[in-house]
Amino acid sequence: MANFPVKPLTREHSDFFNAIRALAAFVVLISHLLSIYLLPRYGLTIASELCFFTIPAYAVAIFFILSGFFITYSALNITKDNQGRFSSRQFLLNRLTRLYPPLILSLILIAVIFLFFNHGFENSYSYIPRDAKFSLLNTLSLNLKNYLPNFFFLQGVFVGKDSLAMNRALWTLSYEFWYYIIFMLGTVMVINKRYRSSVILLLILLGALIYRNQFRFLWLFIIWLSGVFLALQYNSSKLLQAEYKKVALFILIILGLIVMMVYQKNDAFYLIAYLTNTALFIQVCLSLMIMLLISLALRLKLDFKNKYYLSLSRSANYSYTLYVIHYPIILFLFRYTWPYIQHWSMITILAVMAIDGLVIIYISKKCAIILENKKLFRRMLSRLFNKGDKALCETN
């Protein structure tokens, strides 16, 4: 990666990526609103499983693709700024200043809601059938064993089986963080030629994942790596070559045929919530198809002037904060609205959900002004690290 210059991301393509990212965040928000308000009441059907589980799963897949793309570009820029050497310290600093501020707010919200607004919450869920598999998704429960590991991105990867019941979205942050670590070690090995330490750490990490039966983590890592592939192709301008279009269309057809054959044999398209290997295989194939469609879209003229498109693109400025904090806020709003609307019509419930969604978007937008100010938190962490280095030198 150090042997060629970094191709700047054009404004049109930046707006395009931002629009996709914001749209995926809104899909997850709407899905969680619907699942909390409607799924327990109307039950689980093929249509509801498609709407509440499968579609959001592919929204998350889009997050992983875009994450792999932008992380690769970040590594390219870091390498360029350091005259051909990759700085793992700068890379981690950038990632932590991105991940932590909204995460900390989310964990604070969870603790406050659980400690001060938990009374009587279980009565709001008294209508849920005991055998409903989705009832666990909406449980207001918290203990230190599944709370504290989230501060260190361990939950769902090295500790516990899943993320907090009060914020199911956090499992993706744990996955993201460890994808960053694997990518960082691989980049150090490829660019800085530090093979021994990188390989040892990668083998230890891989062994721990296999020991923990984290095959879902490894399946979804393929999706994340497709974003890395997309970034490298974009940077080398190979996406614009005629040969790329032919190969991409051919692979799209092959993946589509594979999905059709596996689906007809196993009926696994709707099983994404069960996390079977077959369902995950289909998710990987369909996600690779999404990545290829994005790559083909980048060959087109994407300089849209539509105000709604541009507004959606600007929504990416708070999409990460929205994704991380929306779930506990939904639970809080549900706690105080459901006793009054549970016997009302579907239209009324949907209207209340829409208002809740707008409230959550407004809160996320305002919080993101500070929480997604990467320059501010980067300066704070840089000062902290520099003080640590100075203290260490004085001690020595």
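Keep in mind that this is a model prediction, so the values were computed, not measured.

A.B. asks: So what's going on with the overall build of the protein chain? Residues and values would help.
C.D. replies: Across its full length, the protein chain carries 15 helices and zero strands. In the protein chain, buried positions account for 50% of the 396 residues. Contacts spanning at least 24 positions in sequence make up 81% of the contacts within the protein chain whose residues lie at least 6 apart. Carbon and sulfur atoms make up 67% of the accessible area of the protein chain, which totals about 20100 Å².

A.B. asks: Lay out the nonpolar core with the relevant residues and their values.
C.D. replies: Nonpolar side chains in soluble globular proteins generally cluster together in the buried interior. Counting 117 residues, the largest nonpolar core has Y37, F64 and W224 as the members making the most contacts within it. A per-element tally of this core places helix α3 (residues 46-81) first, with 17 residues. Those residues in contact with Y37 that lie beyond four places of it in its chain are L333, F334, T337, W338, I341, I349, M353 and D356.

A.B. asks: Which residues make up the packing of aromatic side chains, and what values go with them?
C.D. replies: As enumerated under the stated definition, the model contains 30 aromatic pairs in all. On the basis of an interplanar angle of 55° and a centroid distance of 6.0 Å, the ring pair of F16 and F17 is categorised as tilted. Residue classification places F16 among the buried positions, given a relative accessible area of 13%. Judged by its relative accessible area of 0%, F17 falls in the buried class. These aromatic residues form a ring-pair network of at least three members: F64, F86, F91, W171, Y175, Y179, Y180, F183, F217, F221 and W224. When the ring centre of Y234 is taken as reference, the NZ or CZ atom of K7 above it lies at 4.5 Å. Above the face of the W171 ring, R216 is positioned so that its terminal group lies 3.9 Å from the ring centre.

A.B. asks: Any details on the pattern of salt bridges? Residues and values, ideally.
C.D. replies: Where side chains of opposite charge bring their charged atoms close, a pairing between them can arise. This structure, assessed with the given rule, holds three salt bridges. Between R11 and E12 there is a salt bridge whose closest N-O contact spans 3.3 Å. Across the pair R98 and E372 runs a salt bridge whose closest N-O atoms are separated by 2.8 Å. With R98 in helix α4 (residues 88-116) and E372 in the loop between α14 (346-371) and α15 (374-395), this pair connects stretches of sequence that are 274 residues apart. Summarising the burial analysis for this pair, R98 and E372 share the class buried. When salt bridges that share partners are traced, they join R11, E12 and D15 into one network.

A.B. asks: I'd like a rundown of the packing of α4 against helix α13 (residues 319-341), residues and numbers included.
C.D. replies: Contact pair α4 / α13: the axes reach a minimum separation of 9 Å and the direction vectors enclose 5°. When the axis of α4 is compared with that of α13, the two are roughly parallel. Counting all contacts with α4, which are made through R98, L99, P102, L103, L105, S106, L109, I110 and I113, the residues of α13 involved are Y320, T321, V324, I325, P328, I329 and F332. When its residues are assigned to classes, the contact of α4 with α13 shows 13 nonpolar, two polar and one charged.

A.B. asks: Describe helix α7 (residues 171-191), and please don't skip the residues or the numbers.
C.D. replies: For α7, which comprises 21 residues, the first-to-last C-alpha distance of 30 Å matches the rise-based estimate of 30 Å (1.5 Å per residue) to within 8%. With respect to burial, α7 is a largely interior element, 20 of its 21 residues being buried. A positive phi of about 60° marks K193, the residue just after α7.

A.B. asks: Talk me through the environment of A354; I want residue IDs and the actual numbers.
C.D. replies: Assignment of secondary structure puts A354 in helix α14. On the basis of relative accessible area, A354 is assigned to the partly exposed category, the value being 43%. When the C-alpha positions of A354 and L34 are compared, they lie 10.0 Å apart, and in sequence the two are 320 residues distant.

A.B. asks: Tell me about unusual backbone geometry, and please be specific about residues and values.
C.D. replies: Unusually for a residue other than glycine, Q83 sits at a positive phi of about 55°. Position of Q83 among the secondary structure elements: in the loop between α3 and α4. Q83 sits in the exposed class, given a relative accessible area of 70%.

A.B. asks: Which residues make up the side chain of N192, and what values go with them?
C.D. replies: Take N192: it is sitting in the loop between α7 and α8 (195-211). A polar side-chain atom of N192 sits 2.8 Å from the main-chain carbonyl oxygen of F86. Leave out the neighbours within four places in its chain, and N192 touches R85, F86 and T187.

Procedures and definitions
Residues numbered from 1 in each chain as written. Predicted model: local features only at pLDDT ≥ 70, side-chain atom pairs only at ≥ 80, totals over all residues. Heavy atoms only, no water. Helix = DSSP H or I, 4+ residues; strand = E, 2+ residues; numbered from the N terminus. Buried < 20%, exposed > 50% of the residue type's maximum accessible area, 1.4 Å probe, protein only. Contact = heavy atoms within 4.5 Å. Areas by Shrake-Rupley, 256 points an atom, 1.4 Å probe, with all protein chains shown as cover. Core = buried A, V, L, I, M, F, W, Y, C linked by side-chain atoms within 4.5 Å. Phe/Tyr/Trp six-rings, centres within 6.5 Å; stacked < 30°, edge-to-face > 60°. Lys NZ or Arg CZ within 6 Å of the ring centre and 35° of its normal. Salt bridge = Lys/Arg side-chain N within 4 Å of Asp/Glu carboxyl O. Axes fitted to C-alpha atoms, helices over the stretch in contact; angles between N-to-C directions. Parallel < 35°, antiparallel > 145°, perpendicular 65-115°, else oblique. Nonpolar A, V, L, I, M, F, W, Y, C, P; charged D, E, K, R; others polar. Expected span 1.5 Å × (residues − 1). Polar contact = N/O pair within 3.5 Å; in protein donor to acceptor, adjacent residues only side chain to side chain.

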